[in-house]
Structure formats: C-alpha cells, structure tokens
Amino acid sequence: KNIVSAPVATYPSLTELTYLKGVTSALQTQLNAKLNLTGGTLTGALSITLATGNSLIVDTNVLVVNATSNTVGFGTASPLTNVHMASSTTAAERGLLIAQHNSGVQAPYFNTRKSRGSEASPSAVASGDFIGIFDWRGYVGATNTYGAVGARIAALVNGTVTDSTTGLPTDLIF
C-alpha cells in the first residue's frame, strides 16, 4: 500500500483526537454501551436544547415542543397556545386529569395567577382585572371557525386591592 500525506487542513484537531483517546472498539459499539439505538434506559438529568426553528417530536404528535413559538402540544403537531391538548378519543377517561392521593382532606388544586408587571417583577392587580377565565366554544361550520364564547366563568377583581392580608375583592361572573 502507498502511504500518501493528506493536506494539513484535513488533520484531526487535538480536541478531536482526545475524544478518541481510550477507544478500544468501534465508535458505535461505544455509543451502544451508553444507549443502544434499539432502546435503553437513560438515568440522571437529560437536557435538550433546541435551536430556534427546531422541534422535539415524540411519536409524530404525542408530544411536540416547538422552539420557535415556545409552545408544547400533546396530541397535536401544531400547538396553537402555550400548552395545547388535542384528542379524538371517546373513552370515558379523556381530557385533563389532576389527581390527589393522600390520607388527608386535601383535594386536587387548580390554580391561576395574574399580576401586572412581569413574572420576574410582578405588581398588584387592579380593580377591573380578570384573574382567571374559563371559556367554552363550539365549532361553527358555516364560518369554519370556533365562534364566539358559548359559555364563560370569569373571576374579576372588583374593588380596591390593598394587601394579601385583607384578601382580594373578587366577583365570579357566569
């Protein structure tokens, strides 16, 4: 065999060579020892960083994390809101489930929070602020859209906000 010198530009760097130090078998064999291509178990923390424009997709649409819109979809490949759940199942167990299991009197807890300002620097809500809204909408076939709100329950601050010890004057609107 003839030995031919390669151009310097194609030489591996010192960093690349240190990655190979101690390799005693094929690289795929080394990788398979950590997590085989056909499956395995990861232990410890797993950190995945997605560049803008990329997505993490599990089984087409079971879980979709969209790094461009910063949205998460369960059952949808195109999440429309921060968290978007979609399903076509008619099973008795469907939708969102919040469970509480203990020997005390505590029940499952659904919590909404509203502040003015920002998450890092919140400021007090004011009279007239909505602090939580549940809307129900139905698809309107004639206009191919989810029409106006069919029903709503809203919590509205109604009065002067002083401090947390005096409570928050709130109306529940149906």
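Here is a short report on the structure shown in this document. (Residues numbered from 1 in each chain as written. Predicted model: local features only at pLDDT ≥ 70, side-chain atom pairs only at ≥ 80, totals over all residues. Heavy atoms only, no water.)

## As for the pattern of salt bridges
Taken as a whole, this structure holds 3 salt bridges when the rule is applied. Here Arg116 ties to Asp129 by a salt bridge, and the two come within 2.5 Å at their closest N and O atoms. Here Arg116 is found in strand β5 (residues 116-117), whereas its partner Asp129 is found in the loop between β6 (122-123) and β7 (130-136), with 13 residues between them in sequence. A salt bridge links Arg137 to Asp135; the nearest nitrogen and oxygen atoms lie 3.7 Å apart. (Salt bridge = Lys/Arg side-chain N within 4 Å of Asp/Glu carboxyl O. Helix = DSSP H or I, 4+ residues; strand = E, 2+ residues; numbered from the N terminus.)

## Quick look at the environment of Gly75
If you trace the backbone, Gly75 turns up in the loop between β3 (71-74) and β4 (83-85). Judged by relative accessible area, Gly75 falls into the partly exposed class, the value being 30%. Apart from residues no more than four positions distant in its own chain, Gly75 is found in contact with Asn61, Val62 and Ala86. (Buried < 20%, exposed > 50% of the residue type's maximum accessible area, 1.4 Å probe, protein only. Contact = heavy atoms within 4.5 Å.)

## Remarks on the sheet that holds strand β1 (residues 55-58)
In spatial order, the strands read β1-β2-β3-β4; together these 4 strands make up an open sheet with mixed pairing. Looking along the sheet, the strands with just one partner apiece sit at the ends: β1 and β4. Between one strand axis and the next, the sheet turns by 10 degrees as a mean value, whatever way the strands run. (Pairing = 2+ DSSP bridges. Axes fitted to C-alpha atoms, helices over the stretch in contact; angles between N-to-C directions.)

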